[in-house]
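Take a look at the letters that make up each chain.
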Amino acid sequence: STLANQIAAGEVVERPASIVKELVENALDAGASRIEVQIRQGGLEAIRVSDDGYGIRPDELELAVSPHATSKIASLADLENIASLGFRGEALASIGSVARLTIESRVGEAGSGWRLSLNGREAPPELTPAAHPVGTSVSVSELFYNTPARRRFLRTERTEYRYIEDMLKRLALSRFEVGFTLIHNQREIFRLPPATQPAQRARRVERLCGKAFYRQAWALDFAQEGLRLSGWLGGPQAARAQADLQYVYVNGRSVRDKLINHALRQAYQPRLYPGRHPAWVLYLELDPLKLDVNVHPTKHEVRFHEARRIHDFLAHAVNEALERASP
Ligand code: ADP
Ligand code: MG
């Protein structure tokens, strides 16, 4: 029902950035090699995410926007071993229940493009032919037009824009092989080509995290007993006034985790001026069976089965790296 969707929407669609996240993750799941995000007024006015992925067949467009329809889980057993980012099948339905939603898509070279427009409760969805290259574009506008209470929780254009920019940076740093473009109010903010070579990856990190970080950062790659930590550690000199450049990925997913942050801060602590925050871009990999990623629908959180061991491994790895870099 629409009400149930709106409740679900509260979890998935908090603000423009959460919509961008869901749409970009769908594009990644569809095997896109280039993703373009266009937003107007911090996403409050309009959001459009285009990809060159495998597209959605016209007869499946309506299914894609209906609740709990996902093409990503074939059986319940799959739930145990989720490779794709989305799996609940509720993002598009939720977005469609609180905003105007249009999907244009085309599969394969032979087919032609189709557009599905959802017009809220007043009118039935409309399916019409539309010119579109292979791939999918999802457009969202008039966010929370039918739930004014929600609209009031939104912040200024500037703030919502920052959330989106940060979200996209996080995603771009997790999928180097995919090209990402961000356009805000018709202005190109960044255009990151797919980066497969180490030098290209380095360029992306420098572009997204800034020269100050990259020039004083140490690459790290440390493995021990089934755990691996790699990425870049900002030098203590590149510490910042805010903790705004601390990106952590667990098995490829961006997370904000207290345990991880605690371990990293502990390693940095003796080397920092008080009140300064270190910067890092770090990738932790471990056996997915030793991890719960499904504790929250927005999937920012993880739960480690061996929390103590992970904590000590991280603190040790980072401490070693910092020791070697500046004894
Ligand atoms: P989920 O991602 O959890 O499956 P969504 O509501 O985000 O749920 O999407 C529903 C379905 O729509 C997906 O399972 C997928 O089949 C299809 N879909 C959505 N976005 C895209 C896209 N960009 N390219 C191809 N298929 C898509
Ligand atoms: Mg999804």
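Residues numbered from 1 in each chain as written. Chains lettered and ligands numbered in written order. Predicted model: local features only at pLDDT ≥ 70, side-chain atom pairs only at ≥ 80, totals over all residues.

In the annotation of an unreviewed UniProt entry, the chain is listed under the name DNA mismatch repair protein MutL and assigned to Thiohalophilus thiocyanatoxydans. Its UniProt record, at the heading Sequence similarities (unreviewed entry), says of the chain: "Belongs to the DNA mismatch repair MutL/HexB family." (UniProt positions renumbered as here; feature names shortened; annotations may be inferred.)

Engineer: I'm lost on the sheet that holds strand S10 (residues 227-234) in this one. Help?
Structural biologist: In a beta sheet, neighbouring strands pair by backbone hydrogen bonds and run either parallel or antiparallel. The five strands are arranged S9-S10-S13-S11-S12 in an open sheet whose pairing can be described as mixed. Pairing within the sheet leaves two strands with one partner each, and these edge strands are strand S9 (217-224) and strand S12 (253-255). The mean angle between the axes of side-by-side strands here comes to 20°, regardless of whether they run parallel or antiparallel. The pairing of S10 with strand S13 (residues 280-285) spans six bridges and is antiparallel. If you follow Gly 231 over to S13, its bridge partner there is Leu 282. Across the sheet, helix H10 (residues 307-325) touches S9 and S10, and the angle it forms with S9 is around 135°. (Pairing = 2+ DSSP bridges. Helix = DSSP H or I, 4+ residues; strand = E, 2+ residues; numbered from the N terminus. Axes fitted to C-alpha atoms, helices over the stretch in contact; angles between N-to-C directions. Contact = placed C-beta atoms within 7 Å.)

Engineer: Sorry if this is basic, but what is going on with the sheet that holds strand S1 (residues 34-40) here?
Structural biologist: Strand order in the open sheet made by the eight strands is S5-S4-S3-S6-S2-S1-S7-S8, with mixed pairing throughout. Two strands bound the open sheet, and with one partner strand each, they are strand S5 (126-129) and strand S8 (187-192). The average undirected angle you get between the axes of adjacent strands in this sheet is 10°. Note that strand S4 (residues 114-118) and S5 share four bridges and pair antiparallel. Across the sheet, the residue bridging to Leu 116 is Leu 127, located in S5. Against the sheet, helix H2 (residues 16-29) engages S1, strand S2 (46-51) and strand S6 (135-141), with an angle of about 15° to S2. Lying over the sheet, helix H6 (residues 157-172) contacts S1, strand S7 (179-184) and S8, oriented at roughly 170° with respect to S7.

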